[in-house]
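What follows is each chain in one-letter form.
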Amino acid sequence: MEDIDNLLLPEINLETDDIIMNIAVKKDYSEIEDIDKRKEEFIKDLKAFIEEFSQTEESKEFMKYYD
């Protein structure tokens, strides 16, 4: 497999009043023809990513910024 740094991945910048998040998407959603189902799958994966991150030591280290 190609080195992830050398791939051209679709990116999205999400912004709220509190957070700006830049995301590069590695998963190929093109096999899901229905755009609503594709969106649903992406949102499901995004929620799983956030849940997984919340369980990591990196998330605690990140919050130490505010100490």
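Refer to the preceding data block for the structure.
Report follows, based on the coordinates. As the structure is a prediction and not an experimental result, all values here were calculated from the model.

1. Examining the packing of aromatic side chains
Reasoning step 1: In total, this model carries two aromatic pairs according to the counting rule given.
Reasoning step 2: Each ring, one from Tyr 29 and one from Phe 42, has its centre 5.9 Å from the other, and the planes form 85°; the classification is edge-to-face. Placement of Tyr 29 in the loop between strand S2 (20-24) and helix H1 (35-54) and of Phe 42 in helix H1 is noted, with a sequence separation of 13 residues between them. Of the two residues examined, Tyr 29 and Phe 42, each falls in the buried class.

2. Describing the pairing of S2
Reasoning step 1: For strand S1 (residues 11-15) and S2, the ladder comprises five bridges, and the chain directions are antiparallel. In the strand pairing of S2, Asn 13 is matched with Asn 22.
Reasoning step 2: Counting the residues in the hairpin turn of S1 and S2 gives four residues.

3. Quick word on the layout of surface pockets
Rolling a probe over the atoms, with the probe sized like a water molecule, indicates the empty space that remains.
Reasoning step 1: Taken as a whole, the largest pocket encloses approximately 380 Å³ of empty space.
Reasoning step 2: Around the largest pocket, the lining is made up of 14 residues, and of these Ile 19, Ile 20, Met 21, Phe 53 and Phe 62 lie nearest the centre.
Reasoning step 3: Sorting the residues of the lining of the largest pocket by element identifies S2, H1 and helix H2 (57-63) as the ones contributing at least two each.
Reasoning step 4: By residue number, the principal contributor to the lining of the largest pocket is S2, which donates four residues.
Reasoning step 5: Tallied by class, residues from the lining of the largest pocket come to eleven nonpolar, two polar and one charged.

4. Observations regarding a nonpolar patch on the surface
Reasoning step 1: Taken together, the side chains of Phe 49, Ile 50, Phe 53, Phe 62, Met 63, Tyr 65 and Tyr 66 present a nonpolar region at the surface, about 850 Å² in accessible area.
Reasoning step 2: Those elements giving two or more residues to the nonpolar patch turn out to be H1 and H2.
Reasoning step 3: Looking at which element gives the most residues to the nonpolar patch, the answer is H1, with three residues.
Reasoning step 4: Topologically, Phe 62 is positioned in helix H2.

Cut-offs applied
- Residues numbered from 1 in each chain as written.
- Predicted model: local features only at pLDDT ≥ 70, side-chain atom pairs only at ≥ 80, totals over all residues.
- Heavy atoms only, no water.
- Phe/Tyr/Trp six-rings, centres within 6.5 Å; stacked < 30°, edge-to-face > 60°.
- Helix = DSSP H or I, 4+ residues; strand = E, 2+ residues; numbered from the N terminus.
- Buried < 20%, exposed > 50% of the residue type's maximum accessible area, 1.4 Å probe, protein only.
- Pairing = 2+ DSSP bridges.
- 1 Å grid on protein atoms, 1.4 Å probe; cavity = no way out; pocket = protein on both sides within 12 Å on 5 of 7 lines; lining within 4 Å.
- Points joined across faces, edges and corners; volume = space filled by probe spheres on them.
- Nonpolar A, V, L, I, M, F, W, Y, C, P; charged D, E, K, R; others polar.
- Patch = residues over 30% accessible without salt bridge, like charges linked within 9 Å, V, L, I, M, F, W, Y side chains within 5 Å.
- Areas by Shrake-Rupley, 256 points an atom, 1.4 Å probe, with all protein chains shown as cover.
- Salt bridge = Lys/Arg side-chain N within 4 Å of Asp/Glu carboxyl O.

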